[in-house]
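# Chain and residue survey
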Amino acid sequence: MITNQESILELQQHTGVNVNRCYQCGKCTAGCQLAEEMDFPPSMVMHMLQTRDEELFQQLLNSKTIWLCVSCQNCIERCPMSIDIPQIMDYLREKSAGEHKINHQSRDIVAFHRAFLDSIKYTGRLYEIGLIAGYKTRTFHLTQDVKLAPKMYAKGKLPLVPEMIKGTRNIKGIFSKTKI
C-alpha cells in the first residue's frame, strides 16, 4: 500500500471536509439514488479516502462514481456527522478533469456538464437549443432524440432565440475566474 498524505490533506484543505469523521454507518449510501450505478458507493468513497492509499485515490479519480453524483445532498442530510460528500465529489471531479483521468464511460456526462455551463456562460441562463447543440456536437449523438424536437418546439419548449439576462459580462467574468 502506497500512502499519500498529500492528496488527502489537499482534499481536506480545499473542501474543508475531514474524511476521518466518517465512521462508516452507510447511511449516505442507503440514501443515494445512484449508488447502484456507481462503481464505488459514497460510503466506499469515504473509506477509500480514509485509507490514504494513493492507488485507491487514483481509482477514485478514474471512477464513474464522481461523475454520477448529482449533488442532491441526500447523503449530507442522512449523515449523523453532516459530512459534505458532494463537496468531496466536486473536488474529485475537478482533480480528475485537471489530470485528464475522466472515466471513459462518463464522457457523455462531462459533455452535458460542459454544454450546460456554456449555455449559462453565454446567456446567463439555460438556453435549451444551445445545450442540446453543445451536447450533441461533443458526443456525436446527433440523431438521438431527434423525434422529440418538433413536439417540444410546438409546445413552446424550445425557443429559437435565447433569452439573455442583463449583465452577461458579469457572468463571463465569473467564468473567467473558474477552472472550467
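Scroll up for the structure.
These remarks concern the structure in this document. (Residues numbered from 1 in each chain as written. Predicted model: local features only at pLDDT ≥ 70, side-chain atom pairs only at ≥ 80, totals over all residues. Heavy atoms only, no water.)

Time to look at the pattern of salt bridges. A side chain with one charge can pair with a side chain of the opposite charge if their charged atoms come near. The full count for this structure, using the stated rule, is six salt bridges. Here Glu 10 makes a salt bridge to Lys 95, at a shortest N to O gap of 3.2 Å. Of this pair, Glu 10 sits in helix α1 (residues 5-15) while Lys 95 sits in helix α7 (residues 85-98), placing them 85 residues apart in sequence. In this structure, Arg 125 and Glu 163 form a salt bridge, with 2.9 Å as the shortest nitrogen-oxygen distance. Residue Arg 125 is located in the loop between α8 (107-123) and α9 (128-139), and its partner Glu 163 is located in the loop between α10 (148-154) and α11 (168-176); the two are separated by 38 residues in the primary sequence. Salt bridges here are not isolated pairs; linked through shared partners, they connect Glu 10, Lys 95, Glu 99 and Lys 101. (Salt bridge = Lys/Arg side-chain N within 4 Å of Asp/Glu carboxyl O. Helix = DSSP H or I, 4+ residues; strand = E, 2+ residues; numbered from the N terminus.)

The complete set of buried residues in α11 reads Thr 168, Ile 171 and Phe 175. Angular distribution of buried residues about the axis of α11 spans 55°; they occupy a single face of the element. Residues Arg 169, Asn 170 and Ser 176 are exposed on α11 and point more than 90 degrees away from its buried face. For α11, the elements touching its buried residues are α8. (Buried < 20%, exposed > 50% of the residue type's maximum accessible area, 1.4 Å probe, protein only. Arc of directions from axis to C-beta. Contact = heavy atoms within 4.5 Å.)

With that out of the way, let us pick up the side chain of Ser 63. You can see Ser 63 is positioned in the loop between α4 (54-61) and α5 (65-68). Judged by its relative accessible area of 1%, Ser 63 is buried. Of the polar contacts made by the side chain of Ser 63, one reaches the backbone oxygen of Leu 60; its length is 2.7 Å. The residues touching Ser 63, leaving out its near neighbours within four places in the chain, are Asp 39, Phe 40, Asn 103 and Ser 106. (Polar contact = N/O pair within 3.5 Å; in protein donor to acceptor, adjacent residues only side chain to side chain.)

For the rest of this paragraph, the subject is the nonpolar core. Counting 32 residues, the largest nonpolar core has Leu 11, Leu 49, Phe 57, Ile 88 and Leu 92 as its most contacted members. Listing elements by their share of this core, those giving two or more residues are α1, α3 (42-51), α4, α5, α6 (74-78) and α7. Of all the elements, α7 adds the most residues to this core, at five residues. Once you skip the residues sitting within four places of it in the chain, Leu 92 turns out to touch Leu 11, Val 45, Phe 57, Leu 60, Leu 61 and Ile 66. (Core = buried A, V, L, I, M, F, W, Y, C linked by side-chain atoms within 4.5 Å.)

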